[in-house]
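Chain residues, written in single-letter form:
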Amino acid sequence: MLSLKSLSVENVKPTQKRQPKKKKPFTVAVEGNIGSGKSTCLEYFRKQKQVEVVPEPVFKWKDVKGYNTLELMYKDASRWSLAFQSYVQLTMAEVHRKETDCPVKMIERSLYSARYCFVENLFKGGLMPDVDYAILSEWYNWIQENEDMHIDLIVYLQAKPVTCQNRIKMRNRHEEQSVPLEYLQSLNDLHEDWLIKENKFKAPCPVLVINTDCGLNDMYKKFDAHRDEILQLNKEN
Ligand code: TTP
Ligand code: MG
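In what follows, the accompanying structure is described. None of the values given here were measured: they were computed from a predicted structure. (Residues numbered from 1 in each chain as written. Chains lettered and ligands numbered in written order. Predicted model: local features only at pLDDT ≥ 70, side-chain atom pairs only at ≥ 80, totals over all residues. Heavy atoms only, no water.)

Topic: the overall build of the chain
Note the following rule: Under the DSSP-based scheme used, a helix requires at least four consecutive residues in state H or I and a strand at least two consecutive residues in state E, with every element numbered from the N terminus. A simple rule labels every residue: compare its accessible area, found with a 1.4 Å probe on the protein chains alone, to the largest value its type can have, and call it buried under 20%, exposed over 50%, or partly exposed in between. Should any heavy atoms of two residues lie within 4.5 Å, those residues are considered in contact.
Check the secondary structure of the chain and you find 10 helices and five strands. Buried positions account for 46% of the 237 residues belonging to the chain. A separation threshold of at least 6 residues defines the contact pool for the chain, and within that pool the share at least 24 residues apart is 75%.

Points about the pattern of salt bridges
We apply this condition: For this analysis, a salt bridge means a side-chain nitrogen from Lys or Arg found within 4 Å of a carboxyl oxygen belonging to Asp or Glu.
One pass over the structure, following the stated rule, counts 16 salt bridges. Residue Glu 120 pairs with Lys 200 through a salt bridge whose shortest N-O separation is 2.6 Å. Residue Glu 120 is located in helix 5 (residues 111–124), and its partner Lys 200 is located in the loop between helix 8 (181–197) and strand 5 (207–211); the two are separated by 80 residues in the primary sequence. For Glu 120, a relative accessible area of 3% puts it in the buried group.

Quick notes on the environment of Lys 98
Structurally, the position occupied by Lys 98 is in the loop between helix 4 (77–97) and strand 3 (104–108). The class for Lys 98 is partly exposed, based on a relative accessible area of 39%. Sequence spacing of Lys 98 and Val 54 is 44 residues, and the spatial spacing of their C-alpha atoms is 8.6 Å. Not counting residues up to four positions away in its chain, the partners in contact with Lys 98 are Glu 52, Val 54 and Lys 105.

Topic: the site of ligand 1
Formally: Nearness here has a simple test: a residue counts as near a molecule or strand if at least one of its heavy atoms is within 4 Å of that partner. Whenever two N or O atoms come within 3.5 Å, that pair is a polar contact, provided that in protein one can donate a hydrogen and the other can accept it, and provided that, for residues adjacent in sequence, both atoms are side-chain atoms. The method behind every accessible area is Shrake-Rupley, applied with a 1.4 Å probe, and residues are considered shielded solely by the protein chains displayed. Ten residues, namely Ala, Val, Leu, Ile, Met, Phe, Trp, Tyr, Cys and Pro, are considered nonpolar, four, namely Asp, Glu, Lys and Arg, are considered charged, and the remaining ones, Gly among them, are considered polar.
Glu 56, Tyr 74, Arg 109, Arg 171 and Glu 176 are the nearest of the 22 residues found near ligand 1. Ser 39 has a polar backbone atom sitting 2.9 Å from an oxygen atom of ligand 1. Considering ligand 1 on its own, with 590 Å² of exposed area, one finds that the protein chains cover 98% of that surface. Its residues assigned to classes, the shell around ligand 1 shows nine nonpolar, six polar and seven charged.

Some details on the coordination of the magnesium ion (ligand 2)
For the record, the criterion: For Na, K and Ca the donor cut-off is 3.2 Å; for every other metal, N, O and S atoms count as donors within 2.8 Å. Water does not enter the count, which can leave sites looking incomplete.
Within the protein, Ser 39 (OG) and Glu 108 (OE) serve as the donor atoms for the magnesium ion (ligand 2), at 2.0 to 2.2 Å. Here the residue Ser 39 occupies a position in helix 1 (residues 38–46), and Glu 108 occupies one in strand 3, the gap between them amounting to 69 residues.

Let's talk about the packing of helix 5 against helix 6 (residues 130–146)
Two measures define how a pair of helices packs: the angle their axes make with one another and the distance between the axes. So the rule is basically this: Note on geometry: axes are lines fitted to C-alpha atoms, helical ones only across the stretch in contact, with angles between N-to-C directions running from 0 to 180 degrees. We call two directions roughly parallel when the angle between them is under 35 degrees, roughly antiparallel when it is over 145, roughly perpendicular when it lies between 65 and 115, and oblique otherwise.
Orientation of helix 5 relative to helix 6, taken along the N-to-C sense of each, is 170°, at an axis distance of 11 Å. It follows that helix 5 is roughly antiparallel to helix 6 by the angle criterion. Of the residues in helix 6, those touching helix 5 at Leu 111, Tyr 112, Arg 115, Tyr 116, Val 119, Glu 120 and Phe 123 are Asp 130, Tyr 133, Leu 136, Ser 137, Tyr 140, Ile 143 and Gln 144. The residue inventory of the contact of helix 5 with helix 6, partitioned by class, reads nine nonpolar, two polar and three charged.

Digging into helix 1
To be explicit about the condition: Picture the helix axis, draw a direction to every C-beta atom, and the arc is the one those directions span.
Taken residue by residue, helix 1 has Lys 38, Cys 41, Leu 42, Tyr 44 and Phe 45 as its buried positions. Each buried residue of helix 1 sits inside an arc of 160° when the element is viewed along its axis, so together they form one side. Lining the buried residues of helix 1 we find strand 1 (26–32), strand 2 (51–54), strand 3, strand 4 (153–158), helix 9 (216–225) and helix 10 (227–231).

Observations regarding the nonpolar core
Buried together is how nonpolar side chains tend to be arranged in soluble globular proteins. Heads up, the rule is: The term nonpolar core refers to a set of buried residues drawn from Ala, Val, Leu, Ile, Met, Phe, Trp, Tyr and Cys, joined through side-chain atoms within 4.5 Å.
Counting 45 residues, the largest nonpolar core has Ile 34, Ile 154, Tyr 183 and Trp 194 as its most contacted members. Every element with two or more residues in this core is listed here: helix 2 (58–61), helix 3 (69–75), helix 4, helix 5, helix 6, strand 4, helix 7 (161–171) and helix 8. With eight residues, the single largest contributor to this core is helix 5. In this structure, Ile 34 is in contact with Tyr 74, Arg 109, Phe 118, Cys 164, Ile 168, Arg 171, Glu 176, Tyr 183, Leu 184 and Leu 187, ignoring residues within four places of it in sequence. Counting 21 residues, the second-largest nonpolar core is a separate cluster that includes Val 30, Leu 153, Cys 214 and Ile 230.

Brief notes about the sheet that holds strand 5
Note the threshold: Paired strands are those between which DSSP finds at least two bridges.
The strand order 2-3-1-4-5 describes an open sheet built from five strands, whose pairing is parallel. On the outer flanks of this sheet lie strand 2 and strand 5, each paired with one strand and no other. Looking at each pair of strands side by side, their axes are set apart by 20° on average, direction ignored. Summarising the sheet, strand 4 and strand 5 pair through five bridges and their orientation is parallel. Bridged to Ile 154 within strand 5 is Val 207. Relative to strand 4, helix 8 is tilted by about 145°, and along the sheet it contacts strand 1, strand 4 and strand 5.

Describing the environment of Thr 212
Mapped onto the elements, Thr 212 comes out in the loop between strand 5 and helix 9. Judged by its relative accessible area of 0%, Thr 212 is buried. Those residues in contact with Thr 212, other than ones at most four positions away along the chain, are Ser 36, Leu 157, Gln 158, Ala 159, Thr 163, Arg 167 and Met 219.

That is the geometry; function is a separate question.
As structure tokens, then:
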């Protein structure tokens with residue numbers, strides 16, 4: 001029988017002791033079209049000591065046990081978008097869950113944009129069958145109910161689709177060579193619907209809009225001008 005003594009605090013192994021809960025970081029998600037400058041923004045803020053930057057796990061999407069799922073999706077979206085977007089959803093859930101000791105956590109994209117922009121785009125464009133869309137939505141709803149997807153601020157990098165297309169061409173990610181301007185236009189509209197018009201899905205937190213139709217130096221200047229707001233420097237940090 002279990003004696004009272006065996007339940008006393010001294011008998012609790014160190015690993016069983018309840019850890020004090022970590023203070024939640026101020027979480028900033030950088031959103032915007034493909035090629036709008038999200039990674040550039042994250043790299044800019046990486047040098048701030050109070051920020052932990054979590055880049056998007058594109059490298060994982062390019063190597064799932066040897067399979068390049070990003071490439072498969074672009075080659076034949078009707079066949080592969082369910083597999084690809086399920087994996088995006090899993091890896092983005094991992095990003096949301098990642099703990100940090102820093103007061104600010106900055107992430108590239110979120111589960112929200114994967115669902116409200118990309119999945120929506122594939123479905124609306126006839127590249128994802130109803131049943132695949134229904135399954136992904138069920139998964140998304142489950143994650144939303146059972147995981148902490150909280151973000152405190154969205155930095156929306158707003159750029160014209162043609163600017164994004166030029167940057168995509170310049171950076172030359174081989175999987176993206178066939179991305180047409182219409183695809184970027186439609187993704188742009190879905191970002192605008194979600195973050196500016198809020199006509200179908202609501203933004204989950206305040207949105208700071210930064211226009212990135214400019215060169216790199218001007219982009220840095222704009223990030224710097226909004227630094228305090230993004231890092232909450234006038235608050236407790
Ligand atoms: P983005 O998430 O837009 O990242 P990026 O690195 O291209 O953006 P930036 O230049 O602003 O840093 O897209 C990465 C690639 O993954 C792109 O080809 C689009 C694709 N993608 C999807 O197809 N579905 C998704 O749900 C997400 C999140 C990305
Ligand atoms: Mg990027």
